[in-house]
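# Structure at a glance
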Amino acid sequence: MRILLFGANGQVGHELRSALAARGEVIATTRTGLLADGAACEVADFDAPEDLPALVERIAPSLVVNAAAYTAVDKAETDRDAAFRANAEAPARIAATCARIGIPLVHYSTDYVFDGTGTRPYREDDPTAPLGVYGESKLAGEQGIRDSGAHHMILRTAWVYASHGKNFLRTMLRLGAERESLGVVADQVGTPTSAGLIAEVTAAILPQAGARSGTWHLTASGETSWHGFAEALFADAHARGLLARVPKVNAIGTADYPTPARRPAYSRLDTTRLRADFAVELPDWRTVCGRVLDEVARSPAE
């Protein structure tokens, strides 16, 4: 299998490079044409979506995996055009090319397509109602892929983090080392999901990418708040020697931490369909967090 991977330097893309290697040759792309380690790769600028079809046709892959996205949720509120170019127009153009040459597409979306007013985990067919530009652009990307006629797997995920890059876990570890106490939002609930788990599950279901099209939810199991996530990772990080002490985590409300973009208050995703269709196991979020902290402990400078 020859796999074209968009967004190879992102959190999920970084993990996919190794997870997909067992499935075949991975042709990585980044915006600059350089991987994080300085190695050269293909250039794919999602701010110039018109250039992407030619790249897909030139590489002629067996399958495309799109892990590239505009993910600056707050900045998107004042940068709507850029968000839609990367999250809507680019995936739609890639999908149209995949449809024309007959190859499947795997694409990642987000819990931000929902408004967070639900009282049970969101299912794939629940009504969407994004609260901001980021969610709107990701939803438009989903629809562009569906409208293209390409065989596709849209995998919605949430609260993504990793042992590398800029994310909640890395930020909390830094702040936890600097402060004795800090405030973390306690009235937003979801499921922390590691980029490694997303890549692992993607690799497991990839052989079926050309056999079916649809949307599935992919997160770890269980739920917590950002406050609960912070408390758990501080305790687990301390147990691994990553923190000298366990900081006190004060619960604050969303109103106490205003941001330009509104966040869903409840965005746990129902993963029943994914587990049933592909017979995959999705471990509890706390277990997954421990695995990621083990990675940090092995390479704390990352």
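I will try to describe carefully the structure that is included in this document.

### A few points about the overall build of the protein
Regarding its fold elements, the protein presents 9 helices and 13 strands. On C-alpha atoms alone, the protein measures out to a radius of gyration of 19 Å, which is about the 19 Å that the 2.2 N^0.38 rule sets for 302 residues. The principal-axis extent of the C-alpha atoms belonging to the protein is close to 55 × 40 × 40 Å. Buried residues in the protein amount to 52% of all 302 residues. Taken as a whole, the protein presents about 12900 Å² of accessible surface, with 48% of it coming from carbon and sulfur. Separation of charge centres in the protein, based on 31 positive and 37 negative side chains, amounts to 2 Å.

### Some words on the pattern of salt bridges
Tallied over the full model, the rule gives 16 salt bridges. Residue Asp-277 is joined to Arg-212 by a salt bridge in which the shortest nitrogen-to-oxygen separation is 3.6 Å. Linking Asp-277 in helix H8 (residues 272-278) with Arg-212 in the loop between helix H6 (195-205) and strand E11 (214-217), this pair joins segments that are 65 residues apart in sequence. Overall, the relative accessible area of 31% leaves Asp-277 in the partly exposed class. Note on Arg-212: relative accessible area 28%, which makes it partly exposed. Across the pair Glu-223 and Arg-268 runs a salt bridge whose closest N-O atoms are separated by 3.2 Å. Placement of Glu-223 in the loop between E11 and strand E12 (224-225) and of Arg-268 in the loop between strand E13 (248-252) and H8 is noted, with a sequence separation of 45 residues between them. Owing to a relative accessible area of 36%, Glu-223 belongs among the partly exposed residues under this scheme.

### Overview of the nonpolar core
Judged by nonpolar contacts, the single largest core of 64 residues is most densely connected at Leu-16, Val-65, Val-106, Tyr-108, Met-172, Leu-233 and Leu-274. Sequence-distant contacts of Val-65, defined by excluding residues within four places in its chain, comprise Ile-3, Leu-4, Leu-5, Phe-6, Leu-16, Leu-20, Val-106, Tyr-108 and Leu-206. Among the nonpolar cores identified, the runner-up in size contains 30 residues, and Leu-4, Ile-59, Tyr-70 and Tyr-112 belong to it.

### So, the packing of aromatic side chains
Per the stated rule, a full pass over the model turns up 10 aromatic pairs. On the basis of an interplanar angle of 15° and a centroid distance of 4.3 Å, the ring pair of Phe-114 and Tyr-122 is categorised as stacked. You'll find Phe-114 and Tyr-122 in the same group, each marked buried. Between Trp-226 and Phe-229, the ring centres sit 6.4 Å apart and the planes meet at 35°, which makes this aromatic pair tilted. Separated by 3 residues within a single helix, Trp-226 and Phe-229 lie in helix H7 (residues 226-239), roughly one turn from each other. The pair Trp-226 / Phe-229 is uniform in exposure class, with both members buried. By the ring-pair criterion, three or more aromatic residues cluster together here, those being Trp-159, Tyr-161, Phe-168, Trp-226, Phe-229 and Trp-285.

### Here's the deal with empty space enclosed by the protein
In the structure shown here, the tally under the stated rule is 1 cavity of 30 Å³ or more. Of the volumes computed, that of the largest cavity is approximately 40 Å³. Lining the largest cavity are Val-73, Glu-77, Tyr-112, Leu-131, Gly-132, Val-133, Tyr-134, Gly-135, Ala-261 and Arg-262. A class-by-class count of the residues in the lining of the largest cavity yields 6 nonpolar, 2 polar and 2 charged.

### Structural notes on the environment of Ala-92
Secondary-structure assignment places Ala-92 in helix H3 (residues 80-101). With 55 residues separating them along the chain, Ala-92 and Asp-147 place their C-alpha atoms 8.3 Å apart.

### Quick look at unusual backbone geometry
Leave glycine aside and you will find that most residues have negative phi; peptide bonds, for their part, are mostly trans. Positive phi, close to 50°, is recorded for Trp-159, a residue that is not glycine. Mapped onto the elements of the fold, Trp-159 is located in the loop between strand E6 (152-157) and strand E7 (160-161). When its relative accessible area of 10% is taken as the criterion, Trp-159 is described as buried. At Ala-279, a residue that is not glycine, the phi angle is positive and equals roughly 55°. Counting through the fold element by element, Ala-279 comes out in the loop between H8 and helix H9 (285-298).

Reading the values: rules and limits
- Residues numbered from 1 in each chain as written.
- Predicted model: local features only at pLDDT ≥ 70, side-chain atom pairs only at ≥ 80, totals over all residues.
- Heavy atoms only, no water.
- Helix = DSSP H or I, 4+ residues; strand = E, 2+ residues; numbered from the N terminus.
- Rg over C-alpha atoms; globule rule 2.2 N^0.38 Å.
- Buried < 20%, exposed > 50% of the residue type's maximum accessible area, 1.4 Å probe, protein only.
- Areas by Shrake-Rupley, 256 points an atom, 1.4 Å probe, with all protein chains shown as cover.
- Lys, Arg positive; Asp, Glu negative; His and termini not counted.
- Charge placed at Lys NZ, Arg CZ, Asp CG, Glu CD.
- Salt bridge = Lys/Arg side-chain N within 4 Å of Asp/Glu carboxyl O.
- Core = buried A, V, L, I, M, F, W, Y, C linked by side-chain atoms within 4.5 Å.
- Contact = heavy atoms within 4.5 Å.
- Phe/Tyr/Trp six-rings, centres within 6.5 Å; stacked < 30°, edge-to-face > 60°.
- 1 Å grid on protein atoms, 1.4 Å probe; cavity = no way out; pocket = protein on both sides within 12 Å on 5 of 7 lines; lining within 4 Å.
- Points joined across faces, edges and corners; volume = space filled by probe spheres on them.
- Nonpolar A, V, L, I, M, F, W, Y, C, P; charged D, E, K, R; others polar.

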